[in-house]
Amino acid sequence: MRITGLRLRQLTGIMEHEEPFWEERLARPVDVYPEHKVQTAADGYWMPRLIAPGRSEVISVFLEIDTDEGVTGLAGPVPHEVAWIIDREFRGLLQGADPLATERLWDLMYREAVHGRKGATMMAISAIDCALWDLKGRWMQQPVYRLLGGPVRPSAPAYASMLGYSIEPELAHKRTREKVAEGFRALKWFPRWGPTDGREGMARNIELAETLRDAAGPDVDIMLDAWMTWNRPYTLEFARRVAHLDIRWIEEPVMPDKIELCAEIRHLSPVPIATGEHEYTRWGQKALLDAGASDVLQADTFWAGGLSEMVKICTLASTYDIPVIAHGHSVPANTHLTLAMPELLAPMVEYLVKWNELLQFFWQEPVKPVDGMISVSDRPGLGVEIDPDKIESEEELGWSSVPNMAGSVQTHQQTIEEGE
Ligand SMILES: [Mg+2]
């Protein structure tokens, strides 16, 4: 079997939702600058685009890999900059290759893109790898979790990740109770305040933690995600002041390059520390493990290198006895991975409640938790299909008119030669 081509399908659909869709945003590292700090959830830097009250336009790009045997692999959605890299950097490289040789193709892409070991290029490799696993499953008529050596268990707990919900105490209390009533045994919330918000900000973050514990009761896990906006003294003071609330973890307290600092925080904090969603490949995750920077690794399947790399990251983490709870931008792929791993190694699946309305909007059967547990179907591959009824319009993306990188280098060389 040979790869005959890639397609980048940009789909547009209309999603109906409660108004507003985003009630709150997360704190961001750029919020140390006042012009960024004033932005609200309504400032619209996130999709979807509101077109009328309760109706938004969802635009998603999906990758399809075609073969000469008529089997197609599907993955996504991917951001536009990732689609661009897939098109420019990898389309030609994959043409004619054996799509089942996922290990070979991963290594080929990794060696080709030596500047792309982290960030958007690795996200492109991740999406291609996931599409290839989907393709392999469809060709073998087996679900991906079985190809990965599973199932170890038929379903796994999902935790509700509450990004985008209001953190006003009354509403946060109400939503926490709702999610617990739906069956979730763990919830993650996003404190909005940090070191530049003084004592009042700290008090509001602590109030949020107290509210969540009160609403959840003693038997439900609460996690808090600082999304890289805190520093060492702030995190340690916060951890000390909420230690009695039995918080399961504080997530990403500092910027991802501060690995040693994160390790120091972890060793001093009475609350466990989780990190890794903005780290890439086995080598990036190994640096976190070697430093002792995290109690939980949170590599994202669609960012850190795809399913091929996540299996290696899980194997590596198992030797340190550190669990992997994959970051939740790819619930179908993450669920296949989690169900193929021992429970202590991959104990849960992150379910970003609002984000999944967008990320899984075009799926015929989105992968959603029931009673706090998540599982996937026995359909071949990753088990998801695009629902044609949700497509309002469609465009195939390609940037072939842009001069390619090899061309630019050649021009540069010629310029040098001409100069000589
Ligand atoms: Mg996070």
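What counts, and where the lines are drawn
- Residues numbered from 1 in each chain as written.
- Predicted model: local features only at pLDDT ≥ 70, side-chain atom pairs only at ≥ 80, totals over all residues.
- Heavy atoms only, no water.
- Helix = DSSP H or I, 4+ residues; strand = E, 2+ residues; numbered from the N terminus.
- Rg over C-alpha atoms; globule rule 2.2 N^0.38 Å.
- Buried < 20%, exposed > 50% of the residue type's maximum accessible area, 1.4 Å probe, protein only.
- Contact = heavy atoms within 4.5 Å.
- Areas by Shrake-Rupley, 256 points an atom, 1.4 Å probe, with all protein chains shown as cover.
- Lys, Arg positive; Asp, Glu negative; His and termini not counted.
- Charge placed at Lys NZ, Arg CZ, Asp CG, Glu CD.
- Patch = residues over 30% accessible without salt bridge, like charges linked within 9 Å, V, L, I, M, F, W, Y side chains within 5 Å.
- Salt bridge = Lys/Arg side-chain N within 4 Å of Asp/Glu carboxyl O.
- Donors = N, O, S within 2.8 Å, 3.2 Å for Na, K, Ca; no water.
- pLDDT = per-residue confidence, 0-100.
- Axes fitted to C-alpha atoms, helices over the stretch in contact; angles between N-to-C directions.
- Parallel < 35°, antiparallel > 145°, perpendicular 65-115°, else oblique.
- Left-handed = near helix turned anticlockwise from the far one by under 90°.
- Nonpolar A, V, L, I, M, F, W, Y, C, P; charged D, E, K, R; others polar.
- Expected span 1.5 Å × (residues − 1).
- Domains from an automatic or database assignment.
- Buried area = accessible area lost by both parts, 1.4 Å probe.

Draft legend 1. Focus on the overall build of the protein. Looking only at helices and strands, the protein features 14 helices and 13 strands. A compact globule built from 420 residues would reach a C-alpha radius of gyration of about 22 Å, and the protein, at 22 Å, matches this within 12%. A principal-axis box enclosing the C-alpha atoms of the protein has dimensions of 60 × 60 × 50 Å. Counting every position in the protein, which comprises 420 residues, the buried fraction comes to 56%. Contacts in the protein between residues at least 24 apart in sequence constitute 73% of all its contacts with a sequence separation of at least 6. For the protein, the accessible area works out to roughly 18300 Å², and carbon and sulfur atoms hold 51% of it. Seen as two clouds, the 41 positive and the 64 negative side-chain charges of the protein have centres 3 Å apart.

Draft legend 2. Fine view of a nonpolar patch on the surface. On the surface, a cluster of nonpolar side chains totalling about 280 Å² of accessible area is made up of V30, V32 and Y33. In this structure, Y33 sits in the loop between β1 (3-16) and α1 (34-37).

Draft legend 3. Structural detail: the environment of E207. Relative to the helices and strands, E207 resides in helix α7 (residues 198-216). A C-alpha to C-alpha distance of 42 Å links E207 and S308, two positions 101 residues apart in sequence.

Draft legend 4. Just the coordination of the magnesium ion, in detail. Bound to the magnesium ion on the protein side are D225 (OD), E251 (OE) and E277 (OE), at distances that span 2.0 to 2.1 Å. One chain supplies every donor to the magnesium ion, and in sequence these donors are spaced D-x25-E-x25-E. Of this pair, D225 sits in strand β7 (residues 221-225) while E251 is found in strand β8 (residues 249-251), placing the two residues 26 residues apart along the sequence. Among the residues examined, E251 registers a relative accessible area of 0% and is labelled buried.

Draft legend 5. Structural detail: the confidence of the model for the protein. Averaged over all residues, the pLDDT of the protein is 94; the fraction at 70 or higher stands at 94%. Across residues 401-420, confidence stays below pLDDT 50; counting only partners more than four residues off in sequence or on other chains, it has three contacts.

Draft legend 6. Highlighting the packing of helix α10 (residues 281-291) against helix α11 (residues 306-320). One way to put it is that α10 packs onto α11 with a least axis distance of 9 Å and a crossing angle of 20°. Classified by the angle their axes make, α10 and α11 are roughly parallel. Handedness of the α10/α11 crossing: right-handed. Contact residues: T281, R282, W283, Q285, K286, L289 and D290 in α10; E309, K312, I313, L316, A317 and Y320 in α11. Looking at the contact of α10 with α11 residue by residue, the class counts come to six nonpolar, two polar and five charged.

Draft legend 7. Spotlight on α7. An ideal rise of 1.5 Å per residue puts 27 Å on 19 residues; α7 measures up with 28 Å between its terminal C-alpha atoms. Those residues of α7 that sit buried are G201, M202, N205, I206, L208, A209, T211, L212, R213, A215 and A216. Tucked into the core, α7 has its buried residues touching α6 (169-182), β6 (186-189), β7 and α8 (232-242).

Draft legend 8. Spotlight on the pattern of salt bridges. Using the criterion set out here, one finds 31 salt bridges in the structure. Of the charged contacts, one joins K286 and D290 as a salt bridge, the two residues approaching to 2.8 Å between their closest N and O atoms. You can see K286 and its partner D290 sitting in helix α10, four residues apart, about one turn around the helix. Relative accessible area serves as the criterion here: at 34%, K286 is assigned to the partly exposed category.

Draft legend 9. Representation of the domain arrangement of the protein. Per the domain assignment, the segments of the protein are domain 1 (3-145 + 391-396) and domain 2 (150-374). Summarising the inter-unit geometry, the C-alpha centres of domain 1 and domain 2 are found 22 Å apart. Facing 47 residues of domain 1, the contacting portion of domain 2 comprises 42 residues. Both sides of the domain 1 and domain 2 interface together cover about 4000 Å² of buried area, and 69% of this is carbon and sulfur.

Draft legend 10. Structural context of the environment of Y320. With respect to the helices, strands and loops of the structure, Y320 is situated in helix α11. Judged by relative accessible area, which is 30%, Y320 ranks as partly exposed. Distance from Y320 to D290, taken between C-alpha atoms, is 8.6 Å for residues 30 residues apart in sequence. Excluding residues within four positions of it along the chain, Y320 makes contact with K286, L289 and D290.

Draft legend 11. Summary view of unusual backbone geometry. With omega at -5°, the peptide bond leading from E19 into P20 counts as cis. Take P20: it is sitting in the loop between β1 and α1. Cis geometry is found at the peptide bond from G150 to P151, where omega equals 0°. As for its placement among the helices and strands, P151 is situated in the loop between α5 (144-147) and β5 (156-161). Of note in the backbone geometry, D246 takes a positive phi value of approximately 55° without being a glycine. Inspection of the secondary structure assignment puts D246 in the loop between α8 and β8.

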